[in-house]
Amino acid sequence: LIRCSYLEIYNEEIRDLLGDDSKAKLDLKEDPDKGVHVKGLTDKVVGDVKGINEVMDAGFSRRTVGATLMNEGSRRSHAIFSVIVEANSVVNGKDHFRKGKLNLVDLAGSERQSKTGATGDRLKEGAKINLSLSALGNVITALVDGKGKHIPYRDSKLTRLLQDSLGGNTKTLMIAAISPADYNYEE
């Protein structure tokens, strides 16, 4: 069984990009059996790569976009596209259930007000983007520093949602898109 979900975190609010109302706020919950999850998040069952691409395209078209001086089509949120694969097989006469999850995360870019020219709503969005990116950096630093140290997953909804993808028995790969322009050298 393969299921997909797609959400965005906009101004520290979780929105379902596959649901009927992509502007409705969803709640983050923790359950002993499910772990950290989003209550009411839409899951779409897919049968192949084409189905996954269709779900991804549908959600992508609903992401929050706004213009800044840096980018006229700037994504104003972080997005998490999840592919969950579940399999059941019989091993030595007993059911053996396995589950895996792949999170594809598109982080909004770091926001410098002086470069984006942001005011009003764009400035508020930029501040929330920067706070969650900072929280992610703090989690990664704490994980690298070693065992026994407190990992501040609860500092943002982004890090809370990615908790099972950052720590424990996981593999994480980060790819950074970096501007080659001279005036972005300090970034």
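A short tour of the structure in this document, coming up.

Reading the values: rules and limits
- Residues numbered from 1 in each chain as written.
- Predicted model: local features only at pLDDT ≥ 70, side-chain atom pairs only at ≥ 80, totals over all residues.
- Heavy atoms only, no water.
- Pairing = 2+ DSSP bridges.
- Helix = DSSP H or I, 4+ residues; strand = E, 2+ residues; numbered from the N terminus.
- Polar contact = N/O pair within 3.5 Å; in protein donor to acceptor, adjacent residues only side chain to side chain.
- Contact = heavy atoms within 4.5 Å.
- Core = buried A, V, L, I, M, F, W, Y, C linked by side-chain atoms within 4.5 Å.
- Buried < 20%, exposed > 50% of the residue type's maximum accessible area, 1.4 Å probe, protein only.
- Phe/Tyr/Trp six-rings, centres within 6.5 Å; stacked < 30°, edge-to-face > 60°.
- Expected span 1.5 Å × (residues − 1).
- Salt bridge = Lys/Arg side-chain N within 4 Å of Asp/Glu carboxyl O.

### Looking at the pairing of strand 2 (residues 13–16)
Step number 1: With four bridges joining them, strand 1 (residues 2–10) and strand 2 adopt antiparallel strand pairing. The residue of strand 2 that forms the bridge with Y10 is E13.
Step number 2: Relative to strand 3 (residues 25–26), strand 2 is paired through two bridges, and the arrangement is antiparallel. Bridging across to strand 3, R15 finds its partner in K25.

### Let's talk about the side chain of S82
Step number 1: Assignment of secondary structure puts S82 in strand 9 (residues 78–91).
Step number 2: Within polar-contact distance, the side chain of S82 engages the side chain of N103 at 2.5 Å.
Step number 3: Once you skip the residues sitting within four places of it in the chain, S82 turns out to touch R3, C4, S5, K101, L102 and N103.

### Observations regarding the nonpolar core
Step number 1: Counting residues in hydrophobic clusters, the biggest one holds 15 residues, and the most contacted among them are L7, I14 and L161.
Step number 2: Residue assignment for this core shows that the elements contributing at least two residues are strand 1, helix 3 (120–145) and helix 4 (157–161).
Step number 3: A per-element tally of this core places helix 3 first, with three residues.
Step number 4: Not counting chain neighbours up to four residues away, the residues in contact with I14 comprise L7, E8, I9, A24, K25, L26, L28, V38, K157 and L161.
Step number 5: One finds Y6, V46, I52 and A79 within the second-largest nonpolar core, a separate group that totals ten residues.

### Focus on the packing of aromatic side chains
Step number 1: Taken as a whole, this structure holds one aromatic pair when the rule is applied.
Step number 2: Ring geometry for Y6 versus F81: centroids 5.1 Å apart, planes at 80°, classification edge-to-face. In this pair, Y6 is assigned in strand 1 and F81 in strand 9, connecting sequence segments 75 residues apart. Here Y6 and F81 have matching classes, each one buried.

### Remarks on helix 1 (residues 49–60)
Step number 1: In this model helix 1 runs 16 Å from its N-terminal to its C-terminal C-alpha over twelve residues, within 8% of the 16 Å that 1.5 Å per residue would give.
Step number 2: Tucked inside the fold, the buried residues of helix 1 contact strand 1, strand 6 (44–46) and strand 9.
Step number 3: With a side-chain oxygen positioned 3.3 Å from the backbone nitrogen of K50, the residue opening helix 1 is D48.

### Comments concerning the pattern of salt bridges
Step number 1: Going through the model one piece at a time under the given rule, you end up with ten salt bridges.
Step number 2: Close ionic contact of D145 with K149 constitutes a salt bridge, the shortest N to O distance being 3.1 Å.
Step number 3: For K149, a relative accessible area of 43% translates into the label partly exposed.
Step number 4: Several salt bridges converge on common partners, so that one network encompasses R3, D43 and E86.

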